[in-house]
Amino acid sequence: MSNKLLSALFGATFAVLAFSPTAFAEPQVLADFHAEMGECESCHANGEPSADSAYENEQCQSCHGSLAEMSETHKAHDGMLNCSDCHVVHEMNVGDKPTCDNCHDDGRK
Ligand code: HEC
Ligand code: HEC
Ligand code: HEC
Ligand code: HEC
């Protein structure tokens with residue numbers, strides 16, 4: 001596990017301990033969940049979104065690893081998709097799983 005991910009995990013644990021014990025009772029938008037650990041700058045250079053999301057997708061990988069290093073679903077899309085094609089962090093909540101039928105119409109899961 002990368003040092004960046006470890007320190008973010010530490011930050012997340014601290015945030016949960018420091019704030020409300022019911023922090024996870026309400027659905028929470030993924031970007032806000034991440035921002036609690038490291039501010040908007042954890043994904044955006046100087047907090048400003050880039051035009052093509054390339055910088056942001058590099059940040060995901062610097063903490064989580066690349067598609068090739070993740071689950072089978074992720075491996076299947078190595079070299080084809082960016083994290084943000086499936087994980088829409090400003091709209092989806094923690095715990096939401098991206099669905100397949102946005103892009104595949106053959107019922108795969
Ligand atoms: C987990 C990474 C992540 C964090 C943290 C994050 N963003 Fe984003 N943001 C993205 C990505 C990726 C996009 C590209 C559009 C998309 O996929 O939703 C984006 C897009 C945006 C946009 C462009 C508008 C849009 O929806 O296309 C704005 C403005 C923005 N973010 C502001 C913020 C602010 C302010 C914060 C801190 C509260 C923040 N972001 C935290 C990843 C993140
Ligand atoms: C094809 C759509 C898709 C793409 C692209 C994708 N994901 Fe996922 N992700 C999923 C699905 C579906 C799950 C639910 C669990 C599973 O199937 O692995 C998930 C789960 C996750 C999880 C939580 C579970 C875990 O494995 O720890 C993380 C973190 C994650 N993805 C990060 C990423 C990152 C980082 C990228 C880019 C390098 C990425 N994802 C790209 C679909 C996608
Ligand atoms: C600074 C490090 C960092 C960055 C950058 C980052 N993440 Fe995360 N992310 C974490 C940590 C820590 C967790 C909580 C532990 C875990 O699930 O791995 C997490 C959790 C997640 C989860 C699982 C949430 C759930 O449902 O349980 C997804 C999905 C995810 N991140 C996607 C992304 C995507 C997409 C990006 C880029 C747009 C991104 N992350 C950028 C550190 C990061
Ligand atoms: C954002 C669009 C998108 C989403 C969402 C998505 N995929 Fe894909 N997937 C693609 C593209 C593009 C390809 C490459 C072209 C192809 O094979 O259809 C691909 C290829 C694949 C492949 C390898 C090629 C094949 O046909 O065997 C598998 C397996 C796969 N996807 C499974 C899934 C599963 C399972 C999900 C849901 C968790 C999912 N995909 C969600 C866009 C997506």
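Everything that follows concerns the structure shown earlier in this document.
Residues numbered from 1 in each chain as written. Chains lettered and ligands numbered in written order. Predicted model: local features only at pLDDT ≥ 70, side-chain atom pairs only at ≥ 80, totals over all residues. Heavy atoms only, no water.

Quick look at the overall build of the protein chain
Scanning the protein chain from N- to C-terminus turns up five helices and zero strands. Counted from the first residue to the last, the protein chain has its helices and strands arranged as α-α-α-α-α. Looking at the protein chain as a whole, 16% of its 109 residues qualify as buried. Nonlocal contacts in the protein chain, meaning residues at least 24 apart in sequence, comprise 46% of its contacts between residues at least 6 apart. Of the roughly 8100 Å² of accessible surface on the protein chain, a fraction of 58% belongs to carbon and sulfur atoms. (Helix = DSSP H or I, 4+ residues; strand = E, 2+ residues; numbered from the N terminus. Buried < 20%, exposed > 50% of the residue type's maximum accessible area, 1.4 Å probe, protein only. Contact = heavy atoms within 4.5 Å. Areas by Shrake-Rupley, 256 points an atom, 1.4 Å probe, with all protein chains shown as cover.)

Side note on the coordination of the iron atom of ligand 2
Only His74 (NE2) and His87 (NE2) from the protein reach the iron atom of ligand 2 as donors, at distances of 2.0 Å. Geometry at the iron atom of ligand 2 is octahedral, judged from the six donor atoms that bind it and their angles of 88 to 180 degrees at the metal. Placement of the pair is histidine 74 in helix H4 (residues 72–75) and histidine 87 in the segment after helix H5 (83–86), with a sequence separation of 13 residues. Look at histidine 74 and you get partly exposed, because its relative accessible area is 22%. (Donors = N, O, S within 2.8 Å, 3.2 Å for Na, K, Ca; no water. Tetrahedral: all angles 85-135°; square planar, octahedral: opposite > 155°, others 65-115°.)

Thoughts on helix H3 (residues 54–64)
Those residues of H3 lying buried are Glu56, Asn57, Gln59 and Cys63. The buried residues of H3 occupy an angular sector of 150 degrees when projected down its axis, which confines them to one face. Positive phi shows up at glycine 65, right after H3, with a value of about 95 degrees. (Arc of directions from axis to C-beta.)

Considering the site of ligand 4
Looking at ligand 4, there are 13 residues lining it, with His77, Cys100, Cys103, His104 and Arg108 nearest. Interatomic distance of 2.7 Å between a side-chain N/O atom of histidine 77 and a nitrogen atom of ligand 4. Note that a nitrogen atom of ligand 4 is positioned 2.7 Å from one of the side-chain N or O atoms of histidine 104. Of the residues contributing to the shell around ligand 4, the split by class is six nonpolar, four polar and three charged. (Near = heavy atom within 4 Å. Polar contact = N/O pair within 3.5 Å; in protein donor to acceptor, adjacent residues only side chain to side chain. Nonpolar A, V, L, I, M, F, W, Y, C, P; charged D, E, K, R; others polar.)

Some points on the environment of cysteine 83
Mapped onto the fold, cysteine 83 is located in helix H5. For the pair cysteine 83 and glutamate 56, spaced 27 residues apart in the sequence, the C-alpha separation amounts to 9.2 Å. With near-sequence residues (within four places) excluded, cysteine 83 lies in contact with Asn57, Cys60 and Gln61.

As for unusual backbone geometry
A positive phi is found at asparagine 46, a non-glycine position, where the angle reads about 55 degrees. Examined against the element boundaries, asparagine 46 turns out to sit in the loop between helix H2 (30–38) and H3. Residue serine 53 is not a glycine yet carries a positive backbone phi of 65 degrees. Along the chain, serine 53 falls in the loop between H2 and H3. For serine 53, a relative accessible area of 29% translates into the label partly exposed.

Looking at the environment of aspartate 78
Its place among the elements puts aspartate 78 in the loop between H4 and H5. Residue class for aspartate 78 comes out partly exposed when judged on its relative accessible area of 43%. In this structure the C-alpha to C-alpha distance between aspartate 78 and alanine 68, which are ten residues apart in sequence, comes to 5.7 Å. The contacts of aspartate 78, once residues within four sequence positions are left out, are Leu67 and Ala68.

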